[in-house]
Amino acid sequence: MRMTAFDADDASTDNALLRYNILKQTPTKPSPNMFYIDPEKGDIVTVVSPVLLDRERTTAVMPWPSQVGAFCAETVTQFMRDKKISLQIYNCTVLEMFYQTMESPKYELVIEAKDMGGLDVGLTGTATATILIDDKNDHPPEFTKKEFQATVKEGVTGVIVNLTVGDRDDPVTGAWRAVYTIINGNPGQSFEIHTNPQTNEGMLSVVKPLDYEISAFHTLLIKVENEDPLIPDIAYGPSSTATVQITVEDVNEGPVFHPNPMTVTKQENIPVGSVVLTVNATDPDTLQHQTIRYSVHKDPAGWLEINPTNGTIGTTAVLDRESPYVQDNVYTALFLAIDSGNPPATGTGTLHITLEDVNDNVPSLYPTLAKVCDDAKDLRVVVLGASDKDLHPNTDPFKFELSKQSGPEKLWRINKLNNTHAQVILLQNLKKANYNIPISVTDSGKPPLTNNTELKLQVCTCKKSKMDCSASDALHISLTLILLSLLSLLLASYGFNFSKSPYVAHFAPNVYETLVPGRNIEGLKTETMNP
């Protein structure tokens, strides 16, 4: 660096002729006179060996017996060349060596500028020059020992050993931070190594569980480098590599199912006691010769059992594809394989049973209740739909039919609209009452299944947009039934045989209609009996 001073006197006289001088150096170690300033130009340069400007300067104490002469001198010279250090030499045997880092990488120089060409009569001015010694990557990292040991249980992952290194460069810089690489012994990529940013140690981890039965020992060769490249003429040496010996400990591992998950396809409703499949589990601990027993772990519907010794899975109940325990036609159960170790180890196997549909559900009809006004102009009462829990082809197209209507008058009919819907139509207006219309709906399965059900039809009185469906006729028919019962008791007391009377009424539940001799109404029929 260059120091420059200015003098206001006439530049052509000695009054402005300046000379520079270093008054003080702080700190004074390792030498009090490490710098020189050109008295005329003000340029500051170093005047000591570059070794003394090393931020990680090393000093050594060596006794040197005079009797070994030139041989000792050659040895010490080579030692200095290899270590790049300054030595105080006394003899050839190194009794003590210690490393000392530079006290401070910053030096402050008090510079004096004096006019009159530097004569004592000249006037002076001072300034401070600050010099920082930049660090260079001139020290490769070195492992603290050539071989490290680690022990890990099979099947376990995580950090198994921390590798320590030393680096005399400035900490927390790219010249100090270490980068570790596994260069041999890791063909299966079971190990990884990362740098601890706080300690600069190499954290060696198992990332893929090791198997004792495959290999009980592993040997890794690891090298360490810096983030920043080394300066020229400096290279990584043997101390920048180390060996790690890893011992794998045997543990009792749980049995393994093959395959896992297991899949099988069965028809629903197969007979109880049917074999689903036989599972296969093996013990990874091939050197221990253990036995395996099986058990059910999770069977949500309680449909299955397993033979504890041979692993055969059978049914204990009917498999139902429409069960809430079946998702997307698949029933899932879990089974355990337990070895005879101490303590025993357990493996879990998953079984997926795909259930094929059979026609085991009758179709259902909806809605089951309809209302209509007794003076309605539109006699299309309701559109009925049918659904089936089974799968195609055991569902639609559905067949809709009315049960046979007896009597001379037909009161309603049913028309099919499409594969899943039909419409009930009245053939005439009916009196206010409740009617049960028997309907059968049949699916397309083989064999087909039929559901015989009823549609409850309420005929209501409609006035001023209000529908009155109160069962007024129900009270009427109830009173009629009470009177008929009293009459039958009275006649029976006089010996009259009521069972042979010419009119007998047959009522379906919830059907209310006025008795009309000789007239048949669906859900309510009257017939004449011969005495």
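### Some words on the state of the cysteines
Working step 1: Enumeration over the complete set of coordinates arrives at two disulfides.
Working step 2: What pairs with Cys460 in a disulfide is Cys469, and their sulfur atoms sit 1.8 Å apart. Judged by the torsion about the S-S bond (100°), the Cys460/Cys469 disulfide is right-handed.
Working step 3: Using a relative accessible area of 0% as the deciding quantity, one classes Cys460 as buried.
Working step 4: Of the residues examined, Cys469 reaches a relative accessible area of 21% and is grouped as partly exposed.

### Notes on the sheet that holds strand S17 (residues 241-249)
Within a sheet, adjacent strands bond to each other through the backbone by hydrogen bonds, running parallel or antiparallel.
Working step 1: If you trace the four strands from one edge of the open sheet to the other, you get S10-S17-S16-S13, paired in mixed fashion. The sheet is open, and its two edges are formed by strand S10 (147-153) and strand S13 (178-184), each paired on a single side. Between one strand and the next, the sheet's axes are offset by a mean angle of 30°, whatever the strand orientation.
Working step 2: As judged from the six bridges shared by S13 and strand S16 (residues 217-226), these two strands associate in the antiparallel manner. By the bridge assignment for S16, Ile182 is matched with Ile222.

### Side note on the confidence of the model for the chain
Working step 1: Per-residue pLDDT for the chain averages 83, and the proportion of residues at 70 or more is 79%.
Working step 2: Across residues 59-100 the pLDDT falls below 50, and counting only partners more than four positions away or on other chains, this stretch makes 64 contacts in the model.

### A short note on the pattern of salt bridges
Side chains that differ in charge, positive against negative, can pair when their charged atoms come close.
Working step 1: Within the structure shown, the criterion is met by nine salt bridges.
Working step 2: For Arg177, the salt bridge goes to Glu227, with nearest N and O atoms at 2.9 Å. One end of the pair, Arg177, is in the loop between strand S12 (165-166) and S13; the other, Glu227, is in the loop between S16 and S17, and 50 residues separate them in sequence.
Working step 3: Exposure remark for Glu227: the relative accessible area of 45% places this residue in the partly exposed category.
Working step 4: Here Arg380 and Asp378 are joined by a salt bridge, their closest N and O atoms 3.0 Å apart.

Calculation rules
- Residues numbered from 1 in each chain as written.
- Predicted model: local features only at pLDDT ≥ 70, side-chain atom pairs only at ≥ 80, totals over all residues.
- Heavy atoms only, no water.
- Disulfide = S-S within 2.5 Å.
- Buried < 20%, exposed > 50% of the residue type's maximum accessible area, 1.4 Å probe, protein only.
- Pairing = 2+ DSSP bridges.
- Helix = DSSP H or I, 4+ residues; strand = E, 2+ residues; numbered from the N terminus.
- Axes fitted to C-alpha atoms, helices over the stretch in contact; angles between N-to-C directions.
- pLDDT = per-residue confidence, 0-100.
- Contact = heavy atoms within 4.5 Å.
- Salt bridge = Lys/Arg side-chain N within 4 Å of Asp/Glu carboxyl O.

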